[in-house]
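A structural walkthrough
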Amino acid sequence: MISFEQIKQSPQVKTCIAHADETLRAMGYTEHSFAHVAYVADRAGDFLKRLGYPEHDVELARIAGYLHDIGNIVNRADHAQSGAIMAFRLLDQMGADIEDIAIIVSAIGNHDESTAFPVNAIAAALILADKTDVRRSRVRNSDFATFDIHDRVNYAVVETATEITGDGAFVLRLRIENSICAVMEYFEIFLTRMMLCRRAADKLGLRFKLFINSQELL
């Protein structure tokens, strides 16, 4: 099996992640570089580990999380599918097992909310990790006066926490500064993502809950 550590150290992977993020920077998107993919990889693996999945599945989730956004090097549109094809080639060249490649590629190809579906546990963990990474530090625009809605929403989130409770719930807790962004603006751009998180949690046998400023909204 190809290890997560090998993926992180791969010069080809590093180049793809860096250039994918530069593509999104040029288009005005929030940060999708090493901080984001490392966060997603860590969280995806941790979610499965907490649920008692085998270490092999945990490792696959980490790899899928680290590679999930490389398709942005091609274009933001259909980046999940582009990334899946790129990941197949990278993993195959590194000598990964075809069964592992198939699981990782299906997870990457199903992480973007426009076409996503939690087809397996790895995909479900990836979705939950990716869609809950909302934080101020992802905003690159330093001019508050020119913030778009994505900048405002991410910048307004001053605290993010996820939890898997003993009674079978996946809980996302956010603290939002209402002076920067109204809660309704959060739902304007993230409602489809939260619905996808609900389906992903269900795939893992969990109930999805969303709390914003201590109020349960989903």
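Presented here is a report on the structure given in the accompanying data block. (Residues numbered from 1 in each chain as written. Predicted model: local features only at pLDDT ≥ 70, side-chain atom pairs only at ≥ 80, totals over all residues. Heavy atoms only, no water.)

Positive phi, normally seen in glycine, also occurs at Asp78, with a value near 60°. Note that Asp78 resides in the loop between helix H4 (55-67) and helix H5 (79-93). Among the residues examined, Asp78 registers a relative accessible area of 54% and is labelled exposed. Even without a glycine there, the phi angle at Ser214 is positive, about 75°. Here Ser214 lies in the loop between strand E3 (207-212) and strand E4 (215-216). (Helix = DSSP H or I, 4+ residues; strand = E, 2+ residues; numbered from the N terminus. Buried < 20%, exposed > 50% of the residue type's maximum accessible area, 1.4 Å probe, protein only.)

Inspection of the sheet shows strand E2 (residues 169-176) paired to E3 by six bridges, in the parallel sense. If you follow Leu172 over to E3, its bridge partner there is Leu210. Looking at chain direction, E3 and E4 are connected through two bridges and run antiparallel. In the sheet register, Ile212 faces E4, and the bridge partner there is Gln215. The loop that links E3 with its antiparallel partner E4 comprises two residues; one of these, Asn213, has a positive phi angle of about 50°. (Pairing = 2+ DSSP bridges.)

In this section: the packing of aromatic side chains. Where two aromatic rings form a pair, the distance of their centres and the angle of their planes describe that pair. Evaluation of the coordinates by the stated rule reveals eight aromatic pairs. Here the aromatic rings of Phe47 and Phe170 are separated by 5.0 Å at their centres, their planes lie at 90°, and the arrangement is edge-to-face. Taken as a pair, Phe47 in helix H3 (residues 34-50) and Phe170 in strand E2 lie far apart in primary sequence, 123 residues in all. What makes Phe47 buried here is its relative accessible area of 1%. Taken together, a centroid distance of 6.2 Å and an interplanar angle of 65° make the contact between Phe144 and Tyr155 edge-to-face. (Phe/Tyr/Trp six-rings, centres within 6.5 Å; stacked < 30°, edge-to-face > 60°.)

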